Amino acid sequence: MTNVSVAPAAPILPDVLSLPRKAQPVDGRVNLVGLTRTELAEALRAAGTPDKQVRMRVGQIWQWVYHWGVRDFAAMTNLGKDYRDLLARTFVIALPEIVQKQVSADGTRKYLLRIAGGHEVETVYIPEENRGTLCISSQVGCTLTCSFCHTGTQKLVRNLTAGEIVGQVMLARDDLKDWPQPGVPKDETRLVSNVVLMGMGEPLYNFDAVRDAMGIVMDGEGIALGRRRITLSTSGVVPEIARCATEIGCQLAISFHATTDAVRDRLVPINKRWNIETLLNTLRDYPRLSNSERITFEYVMLKGVNDTDEDARRLVKLIRGIPAKINLIPFNEWPGSPYERSDWDRIEGFADIIYKAGYASPIRTPRGEDIMAACGQLKSASERERRVRKVPVGEGAAGEGPTGEGPAAG
């Protein structure tokens, strides 16, 4: 391999004006995590990589970072030493910081992560018999005040960057020791086999960063999860749904939860902007545009609110003609919640009506409830504690531990 000689000993910074905005240097070095292939090529070229080598270098670095999970440029042994030194002086491979990890009795893991600015988000890993699902966040807080969702009680602070989104996947693989090992026979078993964008925030209100992050996760020379192993859950941001189909192409889940506009307006306030009819008309094109098999309708079961036989029959009628399955979610109660979980026999009766109409209607088994990692419970205790103590963001909170969030959009 031909080395690239570097004369100056001081750090060589890329031309800031030539980099994409999300790659601007913060501590004098540029974080490569979250850059698309095109952006990585621009960053390497700006740092002095010869044009004729850029494509090759992108492929090499991409595989080290996203296939092998390597964070140290010195370990990238198919690069010349001088070039590795250049990379180390100019770039960094940085992920969010794990503040605390909690492990549930059922094996669910919840990570409290600190990102730039001292803000915190949560990521939840759910192990299952034949797969492992990682629930990741796309925003700090949420703009959607869904009345049944604990996460929705935390106001939006900011969008996550593409690096902070894909970084959640990389951190989970670190913790689970899920990266392949050089020299070890290839093993297709994945502990993180599925990713769901169902954590904090509305993914379609952070579209560009989510798209770029999922492009990295799906890239065949990196993390390499197929698009059918990625599910994006939205409360119904209608203008972005078609873009999601064509620019991301992942599976789609709709945080639906009601069969009349009157009830959905209360449960999912975005319905006041794009009502059920408008949403469903948009969804009818999604399977064709994205080449998806079907759309998942998420339906939280709330006692006396949306769980009648009439609701079940209306739901079947509403989605007629859309390839779909309906995930029934027993409500996960949280302190101060205005709702109760539907009785189990009521949930089963609701599911039976949907099943007899020809739709799959699995009842989601609550997971991680003992660590508040279940659906709708994502909300970091340190954020609430800081509010009570009036501690500025970025000061303290380390080790205080989360007591509330989990896989739920909005």
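Peer 1: What is the right way to look at the overall build of the protein in this model?
Peer 2: The secondary structure content of the protein amounts to 12 helices and 13 strands. When burial is assessed residue by residue, the protein has 55% of its 410 residues classed as buried. Across the protein, the fraction of contacts at a sequence separation of at least 24, relative to all contacts at a separation of at least 6, is 68%. In the form shown here, the protein has an accessible surface area of approximately 17400 Å², with 50% of it arising from carbon and sulfur atoms.

Peer 1: Can you help me understand the nonpolar core in this one?
Peer 2: General note: in soluble globular proteins, nonpolar side chains tend to be found buried as a group. Counting residues in hydrophobic clusters, the biggest one holds 108 residues, and the most contacted among them are Phe91, Met214, Leu232, Cys244, Leu283, Phe297 and Ile326. The contacts of phenylalanine 91, once residues within four sequence positions are left out, are Arg29, Val30, Leu32, Ala43, Leu44, Ala47 and Phe73. Listed in part, the 6 residues of the second largest apolar core include Val124, Cys135, Met198 and Ala253.

Peer 1: Would you take a moment to explain the packing of aromatic side chains for this structure?
Peer 2: Counting across every chain of the model gives 4 aromatic pairs. The positively charged end of arginine 37 is found above the aromatic ring belonging to tryptophan 62, 4.7 Å away from the centroid. Above the plane of the ring of tyrosine 83 lies arginine 57, whose end atom (NZ or CZ) is 4.5 Å from the centre.

Peer 1: It is not clear to me how the pairing of strand S12 (residues 295–301) should be interpreted in this structure. Could you clarify?
Peer 2: Within a regular beta strand, the side chains point alternately toward one face of the sheet and then the other, so they alternate between its two faces. Summarising burial for S12: 7 of the 7 residues are buried, a large majority. Every second residue of S12 is oriented toward a common face, with Ile295, Phe297, Tyr299 and Met301 on one face and Thr296, Glu298 and Val300 on the other, all of them buried. Strand direction decides the pairing type here: strand S11 (residues 251–255) and S12, joined by 3 bridges, are parallel. Each residue of the ladder has a partner; that of isoleucine 254, found in S12, is phenylalanine 297. Looking at chain direction, S12 and strand S13 (residues 324–330) are connected through 7 bridges and run parallel. Within the sheet, the bridge partner assigned to valine 300 lies in S13 and is isoleucine 329. Assessed by its sense of winding, the connection that carries the chain from S12 through helix H10 (residues 309–318) to S13 is right-handed.

Peer 1: Before we go on, may I ask you to explain unusual backbone geometry in this structure?
Peer 2: Excluding glycine, most residues fall at negative phi; most peptide bonds, likewise, are trans. The residue alanine 224 is not glycine, and still its phi comes out positive at about 60°. Within the element layout of this structure, alanine 224 appears in the loop between helix H5 (207–218) and strand S10 (230–234). Of note in the backbone geometry, histidine 257 takes a positive phi value of approximately 75° without being a glycine. By the element assignment, histidine 257 lies in the loop between S11 and helix H7 (261–267).

Peer 1: Explain the packing of helix H1 (residues 37–46) against helix H2 (residues 51–67) here, please?
Peer 2: Geometrically, a packed helix pair is captured by the angle between its two axes and the distance between the axes. H2 packs onto H1 with a crossing angle of 125° between their chain directions and a minimal axis gap of 9 Å. Here H1 is positioned oblique relative to H2, judged by the angle of their axes. Note that H1 runs across H2; the crossing there is right-handed. Contact with H1, carried on its side by Arg37, Leu40, Ala41, Leu44 and Arg45, involves Asp51, Val54, Arg57, Val58, Gly59, Ile61 and Trp62 of H2 and no other residues of that element. Residue classes in the contact of H1 with H2 are distributed as 7 nonpolar, 1 polar and 4 charged.

Peer 1: Could you clarify how one ought to interpret H2 in this entry?
Peer 2: Every α-helical turn comprises 3.6 residues, leaving residues that sit three or four positions apart pointing alike. Its 17 residues give H2 an end-to-end C-alpha distance of 24 Å, which sits within 8% of 24 Å, the value for a rise of 1.5 Å per residue. Taken as a whole, H2 carries its principal kink of about 25° at arginine 57. Along H2, the residues that are buried comprise Gln53, Val54, Arg57, Val58, Gln60, Ile61, Trp62, Trp64, Val65 and Tyr66. Contacts from the buried residues of H2 go to H1, helix H3 (81–90), helix H4 (162–176) and H5. The first or second residue beyond H2 is glycine 69, which carries a positive phi of 75°.

Peer 1: Hey, could you run me through the confidence of the model for the protein in this one?
Peer 2: Low-pLDDT portions of the prediction should not be read for the details of their coordinates. Scored by pLDDT, the protein has a mean of 84; 80% of the residues are at 70 or more. Every residue in residues 388–410 scores below 50 in pLDDT, and together they form 99 contacts with partners more than four places removed in sequence or on other chains.

Peer 1: What is the right way to read the side chain of glutamate 298 from this model?
Peer 2: Along the chain, glutamate 298 turns up in strand S12. Taking relative accessible area as the criterion, glutamate 298 reaches 4% and is therefore assigned buried. Ignoring sequence-local partners within four residues, the contact set of glutamate 298 consists of Met198, Ala253, Ile254, Ser255, Phe256, His257, Asn327, Ile329 and Arg364.

Peer 1: Would you mind showing me how to read the sheet that holds strand S5 (residues 120–127) here?
Peer 2: Picture the strands of a sheet paired through backbone hydrogen bonds; they go either parallel or antiparallel. The 9 strands lie next to each other as S3-S4-S5-S6-S9-S10-S11-S12-S13, forming an open sheet whose pairing is mixed. Of all the strands in the sheet, the pair left with one neighbour each is strand S3 (97–103) and S13. Neighbour-to-neighbour, the strand axes of this sheet turn through a mean angle of 20°, independent of strand direction. Where S5 and strand S6 (residues 132–135) come together, 4 bridges link them in antiparallel fashion. Bridge assignment links proline 127 to a residue of S6, and that residue is glycine 132. The strands touched by H4 are S3, strand S4 (109–114), S5, S6 and strand S9 (194–197); relative to S4, the strand with the most contacts, the crossing angle is about 125°.

Peer 1: Explain the packing of H10 against helix H11 (residues 344–356) to me, please; I cannot follow it from the model alone.
Peer 2: Following both chains from N to C, one finds H10 and H11 inclined at 30°, their axes separated by 9 Å at the closest point. The orientation of H10 relative to H11 falls into the category roughly parallel. The hand of the H10/H11 crossing is right-handed. For the pair H10 and H11, contact is made by Asp309, Asp311, Ala312, Arg313, Leu315 and Val316 and by Arg346, Phe350, Ile353 and Ile354, respectively.

Peer 1: How should the state of the cysteines be read in this particular structure?
Peer 2: Covalent bonding between the sulfur atoms of two cysteines defines a disulfide. This model, assessed by the stated rule, comprises 0 disulfides. Here cysteine 250 stays free of any disulfide, with the sulfur of cysteine 244 as its closest cysteine sulfur at 4.2 Å. Of the residues examined, cysteine 250 reaches a relative accessible area of 0% and is grouped as buried.

Criteria and thresholds
- Residues numbered from 1 in each chain as written.
- Predicted model: local features only at pLDDT ≥ 70, side-chain atom pairs only at ≥ 80, totals over all residues.
- Heavy atoms only, no water.
- Helix = DSSP H or I, 4+ residues; strand = E, 2+ residues; numbered from the N terminus.
- Buried < 20%, exposed > 50% of the residue type's maximum accessible area, 1.4 Å probe, protein only.
- Contact = heavy atoms within 4.5 Å.
- Areas by Shrake-Rupley, 256 points an atom, 1.4 Å probe, with all protein chains shown as cover.
- Core = buried A, V, L, I, M, F, W, Y, C linked by side-chain atoms within 4.5 Å.
- Phe/Tyr/Trp six-rings, centres within 6.5 Å; stacked < 30°, edge-to-face > 60°.
- Lys NZ or Arg CZ within 6 Å of the ring centre and 35° of its normal.
- Pairing = 2+ DSSP bridges.
- Right-handed = clockwise from strand over helix to strand, strands pointing away.
- Axes fitted to C-alpha atoms, helices over the stretch in contact; angles between N-to-C directions.
- Parallel < 35°, antiparallel > 145°, perpendicular 65-115°, else oblique.
- Left-handed = near helix turned anticlockwise from the far one by under 90°.
- Nonpolar A, V, L, I, M, F, W, Y, C, P; charged D, E, K, R; others polar.
- Expected span 1.5 Å × (residues − 1).
- Bend = angle between axes of the 7 residues up to and from the residue.
- pLDDT = per-residue confidence, 0-100.
- Disulfide = S-S within 2.5 Å.

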